[in-house]
Each structure stands twice: as C-alpha cells, then as structure tokens.
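# Observations on the model geometry
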Amino acid sequence: MKVLANVSMVINLDKCVGCNACSITCKNTWTNRPGVEYAWFNNVETRPGIGYPKKWEDQVKYKGGWVLDHGKLKLRIDGKISRLFRIFYNPYLPELDDYYEPWTYDYAKLIEDESGKQPVAEPKSLLDGRRIDLNWGPNWNDDLAGSPEVASMDPNLEKEIKLEFERTFMFYLPRICNHCLNPSCVAACPSGAIYKRMEDGIVLIDQERCRGWRFCVSACPYKKIYFNWRTYKSEKCTFCYPRIENGLPTVCSETCVGRIRYIGILLYDADSVLRAASVPDQKRLVESQLSIIMDPNDPEVIKSAKENSIADDWLDAAKKSPVYKFLVKWKIAFPLHPEYRTLPMVFYIPPLSPVLKLFNGVDEGNLSPEDVFPKIDNLRIPIKYLANMFTAGNEELIRDALKRLMAIRIYMRSLELGSPNKDALKEVGLTENDALEMYKLLSIAKYEDRFVIPKSHKENAMNAYVERGMCGYDEFKDAVPELKRFSKMSLRIKDKNTKNYQLQQKEGVEFKD
Amino acid sequence: MMMDALGDVLWAFLPYITIAVFILGHVYKYATDQYGWSSKSSEILDRRWLGVGSQLFHWGLLIVFLGHIIGLLVPPSITLAMGITDEEYHRIAIILGGASGLAAYVGVWILLLRRSLINRVRATSDASDFLVLALLVVVMSLGLYNTLYYDIFIHPFDYRTTIGAWVMSVLTLHANPNYMTNVPISFQLHIVSTYALFLVWPFTRLVHMWSYPIFYLKRAWILYRGQETSEVVANA
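Since the model is a prediction, treat every value here as computed from it, not as a measurement.

### What to know about the confidence of the model for chain A
Of the residues in chain A, 87% reach a pLDDT of 70 or more, and the chain-wide mean stands at 87. Low pLDDT, under 50, characterises residues 489–513 of chain A; the predicted model gives this stretch 58 contacts beyond four residues in sequence or across chains.

Below you can see the structure in the form of structure tokens.
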C-alpha cells in the first residue's frame, strides 16, 4: 500500500443552472491569451448534446482513454512504437473546426461607418482576421438549441431514449480536467512533459518539456488538453494549483453561483491504481475505483500516509473531506465515463428531474417511499442515460443515488411539517444524522463546508525567506547558494538523475475479488 | 589565385563557421529557450494536407539522410570489401536516393504550398517557418538535380572520392579544399546552400529533430513528480 493524496472535486448536477460563471471566470484567469482563445479549461455542456469539442465522447474517432486487451490495459491510440511511427502526423487529432474558429467583432465599424445605414459589427477570425460566418461555437447547442439535429448525435443516447417533444429532458454538465489517477494523457506524451504531482495529484504539463507532439490531445478521452497554436505547446486545466497550494478553491468553484462544487482531499492507494483500472466488467469500474480510495480514519492508512510524508493537517482535511463523504460514505457521486479507465477524480452527483410530472395531481405530503421509489425509473431524465454517462451503464448505482437524494427531501419536508418521517431514510440506509448532514452540505453549502483544502507544505520544497522578491528572476537563483537547490536548472539535472521508481510493473494484471 | 582564395573560404573556412554556429547555437537555444523548443505543429489548423505532405517529407528525408551518411562517411573501400562494386553502389544510390528524394521533394512542396495558401496556417506562421521551407526547397532541388539529372544524363559523378573525401577532411580537422576543385558547380551549390540551412537550424523549428522521443520506449507509462524530490515515479 502506498497512500497518496489527491485534491478532488464533486459537482452537484442537481443544482447546476448552466450559467457558465465558472467558464467565464476560468477563461478570464487562464486562457485569455492569443493561441488558446478556443481553449475552455472549464466548459458547461447541455445534455443531451454533443458537447465540446464536437462529439468528444466518440472514442472511435478520437481514440481517447484506455482499453482492456486480453486483460491488459493499453492506450486506445496504441502502444509506444506506433507513437514513434505516427509522430509526423497524428490521424486522431481533433481539428480546430471540431472546436470552433475563434472570432472577435469589428467594433470600430460601429462608430466609423458613414453609409448612413444601421452599422453592424461583423465577426472576424482571430486567426487570420478575415470575415467569417459563425456556424459553431463553444456552447452552440446551449439549452438544447439545434436539437434534434445536434442532440441526436449524442453517443450516450440509445434507441430507447426518445427525444420526442413530450419526453424531452436536459441537464447541464460542467467539465474540467479530471486529474485522473490513471491519466492516459501522461502515458501518451512521448516527451514525458505531463506528470501527476505526488503531493496533491494535480496533473500538469511542463511547458518547457512539451515538444508539441499532440498525442495527449488525442489520448485524453475528455478532450481537456488544448493545443496552443501560438506557442505550439499543449495546455490544460491546472486545477488552479497556485490557489489550491494556498488553501483556496479553484476559480470555477469559488465563483459558482449555485455553490454546486465541493473540493476536498481523497487518499488513494497508488499501488492499486493499475489493478483498479483493469477490472474486466466495466460496470464494476466505479466500485473498483472506490476500493482504492482509502479510509482516512483507518490507522493502517494513516500509518502508510505518514510514511509517504503526508502531513497531519492533510490527514485531518482528508477526514473532513466533503468529497469523501459524497463518494464513499453516502455513495451519491460518480466519475464521468469510468469506462475510459482513467479513474477520473472529479465526481458528479446525478440530477433529479422535475417532480411535476412524477407527482402530477398527487399530494406530495402524504407520499410514502413506496409511492416514490418505484417511480424513480419514470423520472424525466432516463436512468439509463445517466448510467451511460456516470457509471459505465450500471443503472443500479444511479437508481440508489437518486433514491437517496429523494429520501432526504422526503425527510426534510416531513421535519418542516413537524412529523419526522424516517421510512424513506430507512429504506435507503441513511440515518437522521446523515440526512441532516447531507442537507447542510447539499442545500446550505457553506463555503467552509464545501471547501476543505489544506495548504501545501511549500516550506519543505523552498526557502520562502530567501526567495522574497525572486519571482520572475529564475536565472539569478543559481547565484544564491540557498536557492540553488530549488532553481529550475538544478531541478532539471536532479530530474534526470533520479531513478525511475516502478510502482507496479506486473504483466497481465487481473482484477480478482 | 582568386579562385584559390574563394575555395579556401568555401571549403575550409565556412564549414567550420557553420559547424561552430550549429553546435553553439543548439547549446544556447537548449539552455535559454526550452519554451521555444517545439515541433511547431500546425496540424490542428489543417490536417488534410499535413497528412500527405508531412509524411512524404519526413519519411523521404529520413532515407535521404541515411543515404548521405553512408555516401559521405563510408569510404568506397569498405563497400567494395562488402562485395558491392562502385557501379552497383551508384545504381542503388540513384534509385533509392532518387525515389525517397522525390517523395520528400513532393512533400516539401505540399508543405510550402499549404503554408502559403491555407489562410489559417499562413496567418499563424512566422518568417522562420517560410525561411526553413524555402531553404529546404533550394537544397533539395539542387540535390535532386544532381542525382536524377546530372548523374544520369550528363555524366556520372564520383562524389565519394571527392566530396566524401572532403567531408572526411573537414571532420578530421584537416580541411582540404583541393578535393573540391573539380566538383561540378551544381554539387558545390548544393553544399553551400546546405550551409545556410545548418546556420539557421538552431534558431528555427528544425531543432525538433533532436527531440525524436526514442527514450519514450523505455519509459514508464505514468509519471509522478514530487515537489521535494523532483522524483520521477512510474506506475505500470
């Protein structure tokens, strides 16, 4: 057992209103530059829909993620040798038109126009300045716009999930990089530029090492790596690591008006990642991922964590982690497309659908659980659709989670009415304390409850006292003896000298009960 | 006398200037500008023509490059000892070199036209991208002229005992311009234009040649880095 920590997120889809405050603040912070105009480290998609970039879930086209080949995990874009042969041309790379051509408007025309007619600010390309017609954008099918032409191309839809008008459904899906435990982008990078941070699990691209081979873009099944056409390097969501290191939530979480995002620590067993990602039955992937999330109260786990220099304040944070509660204690949060086998570390609470149709004409106050739960399958959003998206098709997990969400509502309503009804809770295996805590976390969602983020222990990695005023002057660091240890140049040398430590290198690992 | 002076400059002075700039330029670039060290791919802006052009160019040039190494650095005595006569060697060189050279040549023209004609790619290119392609066109045009026209239709030219010997003399630091006196002008121009290519090499996208990721084959799949140790941990 090798216990490491991963800063993780839970997104409560039940409360997402699709306002895109997260997308805009993220863009203004990180990708407000030429070369990455089209890069949305955070985006919000309307589902059903084809998402961004177009049909990113179509892995036949893009070859993202891992597949199981005779019990052994391999990249869908093939092994290492094929990478060397395809290096001059990657046939699975999305093109800019799969995203959209970034544009601005010719605003000067509004005040300079002398024709006497109503002036129009025409859209022009940010790439070459020519006038373009807008026919696609970052959120083109927002609120089901363009359906059924667009929505029906959604790979998660199956024949039995109809898009007929009277059964139309939708919900929002905010997406960032999942900072996976088994990241296929890292595995596919020929230059070794992408890495996972040992301390907090954040996956980053070393901009100095990236050589622009672009395989990460294909290999990431979530299409959350963007190629900067101006610097010719790949870029991705950084989980706002400068903020996280200081105990602050990511920008997308901080500015979420619905307060639907939660950030906390998860402890995981790094030795078992490969095993967890290799379970043959994809419907059991959620379960196997949960099996390597470690209990922060288990003395064995704490011991191993300390051996890997995880500090006490981090262990405390892990115990208080809202992510751990949603994921393990209450089991209402699930990873996005676990079947890609990357073990993503951003989790989603599935949305309940409008209750109007369900309870039409029935007095809700007198409903017993027996009346509600059988009808979970008649919710407006088909369970099967949610299961295709969040549990690799395991409908039972989604059904249980929705029942729990419903049970808290029944209980809290009865509490307000002065006659606590515990039947629903009992049926889904929750206590009254659970319900109250879930209510507090899901509905009240106080800042300090949503975000339990320990500061990183930079004092172990740098001498902050000597480093005062040195920001941006890396080249001088070699001249200061106390800083030499931490300068980029010496780090690079050290990097080369350290031995590759193999955590697990067994052939044909199989998942066994 | 005039010709001797020019010969000395071209075949004994410029080669060393070129080699010095080539090596020191790379060291400088690697030490100071990792952020600018990239293959500068424009595939995301246009995939269709890149697929054809880039593959023809790169694979063709790879074979041409190997041919040059053998042709210039392996003395005729060795290939003779291996049982390949000079005539046979010459025929193989012309057929294999000519074919791969032509492939690369078609490729480089596709790349140049693509860069010039496709709006997105042109608008996001800088001067060095065009300079590199233009130089490659010049160098490759001369090279193909020598291989496929001069050698076949004018007069088979024995470059191994002349140019090859000169290259060896340069590399062993005893540059001897005399080897080059009777070399046809088109061969001389091929070499001089190559100087230009090597001189700009470290300061352009061509540096990505050194980044061909052969070490990837040995590497672990998943890389971890720690802030304290900068340790590279591998998983599976």
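There is more to say, and it comes next.
### Details of unusual backbone geometry
A negative phi angle characterises most non-glycine residues, just as the trans form characterises most peptide bonds. Residues and elements named next belong to chain A. In the segment running from Arg-47 into Pro-48, the intervening peptide bond is cis, with an omega of 0 degrees. Cis peptide bonds are those with omega within 30 degrees of zero, and the linkage from Tyr-52 to Pro-53 qualifies with -5 degrees. Along the chain, Pro-53 turns up in the loop between β2 (43–47) and α2 (59–62). The backbone of Asn-20 shows a phi angle near 65 degrees, a positive value even though the residue is not glycine. Mapped onto the elements, Asn-20 comes out in the loop between β1 (3–12) and α1 (21–30). What makes Asn-20 buried here is its relative accessible area of 15%. The backbone phi angle of Leu-144 is positive, close to 65 degrees, even though this residue is not glycine. Along the chain, the position of Leu-144 falls in the loop between β6 (123–125) and β7 (171–175).

### Re the pairing of strand β12 (residues 261–269) of chain A
All names here are of chain A. Of all nine residues in β12, nine are buried; the element is thus mostly enclosed. The side-chain alternation of β12 yields two buried faces, one formed by Arg-261, Ile-263, Ile-265, Leu-267 and Asp-269 and the other by Tyr-262, Gly-264, Leu-266 and Tyr-268. Relative to strand β13 (residues 293–294), β12 is paired through two bridges, and the arrangement is antiparallel. The residue of β13 that forms the bridge with Leu-267 is Met-294.

### Some thoughts on the pattern of salt bridges
Taken as a whole and judged by the stated rule, the model has 37 salt bridges over all chains. Between Lys-109 of chain A and Glu-122 of chain A there is a salt bridge, with the nearest N and O atoms lying 3.9 Å from each other. Of this pair, Lys-109 of chain A sits in helix α5 (residues 108–112) while Glu-122 of chain A sits in the loop between α5 and β6, and the two are 13 residues apart along the sequence. A residue is classified by how much of its surface remains accessible, and Lys-109 of chain A, at 31% relative accessible area, is partly exposed. For Glu-122 of chain A, a relative accessible area of 27% corresponds to the partly exposed category. The partner of Lys-325 of chain A in a salt bridge is Glu-437 of chain A, and the shortest N-O contact between them spans 3.1 Å. Highlighted residues: Lys-325 of chain A in helix α14 (residues 322–329) and Glu-437 of chain A in helix α19 (residues 432–444), separated in sequence by 112 residues. A relative accessible area of 28% places Glu-437 of chain A in the partly exposed class. Here the salt bridges share partners, and the residues they tie into one network are Asp-97, Glu-101, Asp-128 and Arg-130 of chain A together with Arg-120 of chain B.

Here is what the cut-offs are and how they apply
Residues numbered from 1 in each chain as written. Chains lettered and ligands numbered in written order. Predicted model: local features only at pLDDT ≥ 70, side-chain atom pairs only at ≥ 80, totals over all residues. Heavy atoms only, no water. pLDDT = per-residue confidence, 0-100. Contact = heavy atoms within 4.5 Å. Helix = DSSP H or I, 4+ residues; strand = E, 2+ residues; numbered from the N terminus. Buried < 20%, exposed > 50% of the residue type's maximum accessible area, 1.4 Å probe, protein only. Pairing = 2+ DSSP bridges. Salt bridge = Lys/Arg side-chain N within 4 Å of Asp/Glu carboxyl O.

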